[in-house]
Amino acid sequence: MIDPNRLKRLQFRAWHRGTREADYMIGGFFDRYHAQWGEAECAWFEALLEEEDVDILGWALGTLDVPEEYRGALMDAFRKLDYVEIPH
């Protein structure tokens, strides 16, 4: 089981990126998938959070090539963008 304090830090960092678009995309991804994560997935997400928002958004939207270290099932889920809920 992942430490709840670690998950709280990840959630905060995911939802406080600096732009609303990045918050929805990265924070929404965390909210949708984190309950299923183990150590490897948390480590992947922690590394992703260290990247620049413009790069993360580019990878998600397909305008930039995804670096090898982020390729795989998690990035595939991230790129679907079906988890983003825009409040009205």
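Above this text you will find the structure in question.
Reference entry: report on the structure contained in this document. (Residues numbered from 1 in each chain as written. Predicted model: local features only at pLDDT ≥ 70, side-chain atom pairs only at ≥ 80, totals over all residues. Heavy atoms only, no water.)

**Quick look at the packing of aromatic side chains**
In total, this model carries 14 aromatic pairs according to the counting rule given. Centre to centre, the rings of Phe30 and Trp37 are 5.8 Å apart; their planes meet at 80°, and the pair counts as edge-to-face. Just as Phe30 is buried, Trp37 falls in that class too. Ring pairing ties together the aromatic residues Phe29, Phe30, Tyr33, Trp37, Trp44, Phe45, Trp59, Tyr70, Phe78 and Tyr83, which thus form one cluster. Geometry around Tyr33 places Arg32 over its ring, the cationic atom sitting 4.6 Å from the centre. (Phe/Tyr/Trp six-rings, centres within 6.5 Å; stacked < 30°, edge-to-face > 60°. Buried < 20%, exposed > 50% of the residue type's maximum accessible area, 1.4 Å probe, protein only. Lys NZ or Arg CZ within 6 Å of the ring centre and 35° of its normal.)

**Section: the packing of helix α2 (residues 20-33) against helix α3 (residues 39-49)**
Where α2 meets α3, the axes come as close as 13 Å, and the angle between the chain directions of the two elements is 170°. Considering their axes alone, α2 and α3 lie roughly antiparallel with respect to each other. Residues Ile26, Phe29 and Phe30 of α2 form the contact with α3, whose participating residues are Trp44, Phe45 and Leu49. (Axes fitted to C-alpha atoms, helices over the stretch in contact; angles between N-to-C directions. Helix = DSSP H or I, 4+ residues; strand = E, 2+ residues; numbered from the N terminus. Parallel < 35°, antiparallel > 145°, perpendicular 65-115°, else oblique. Contact = heavy atoms within 4.5 Å.)

**As for the packing of α2 against helix α4 (residues 53-61)**
Taken N-terminus to C-terminus, the directions of α2 and α4 make an angle of 60°; their axes are 11 Å apart at the nearest point. Looking at the two axes, α2 sits oblique to α4. Note that α2 runs across α4; the crossing there is left-handed. Every residue of α4 that contacts α2 at Ala22, Met25 and Ile26 is listed here: Asp53, Ile56, Leu57, Ala60 and Leu61. A breakdown of the residues in the contact of α2 with α4 according to their chemical character gives seven nonpolar, no polar and one charged. (Left-handed = near helix turned anticlockwise from the far one by under 90°. Nonpolar A, V, L, I, M, F, W, Y, C, P; charged D, E, K, R; others polar.)

**Digging into the nonpolar core**
Phe29, Phe45 and Phe78 are the most contacted members of the largest nonpolar core, which totals 27 residues. When residues of this core are traced back to their parent elements, those giving at least two are α1 (4-15), α2, α3, α4 and α5 (73-80). Sort the elements by how many residues they give to this core and α2 lands first, with six residues. Residues within four places of Phe45 in sequence aside, it is in contact with Leu10, Ala14, Ile26, Phe29, Phe30 and Trp37. (Core = buried A, V, L, I, M, F, W, Y, C linked by side-chain atoms within 4.5 Å.)

**Examining α2**
Taking 1.5 Å of rise per residue, the 14 residues of α2 would be expected to cover 20 Å, and the 20 Å separating its terminal C-alpha atoms lies within 8% of that figure. For α2, the buried fraction is high: 10 of the 14 residues fall into the buried class. Buried within α2 are the following residues: Ala22, Asp23, Tyr24, Met25, Ile26, Gly27, Gly28, Phe29, Phe30 and Tyr33. Of the surrounding elements, those touching the buried residues of α2 are α1, α3, α4 and α5. (Expected span 1.5 Å × (residues − 1).)

**Points about the environment of Glu46**
With respect to the helices, strands and loops of the structure, Glu46 is situated in helix α3. For Glu46, a relative accessible area of 27% corresponds to the partly exposed category. Residues Glu46 and Tyr24 lie 22 residues apart in sequence; the distance between their C-alpha atoms is 17 Å.

These figures come from the coordinates and say nothing about function on their own.
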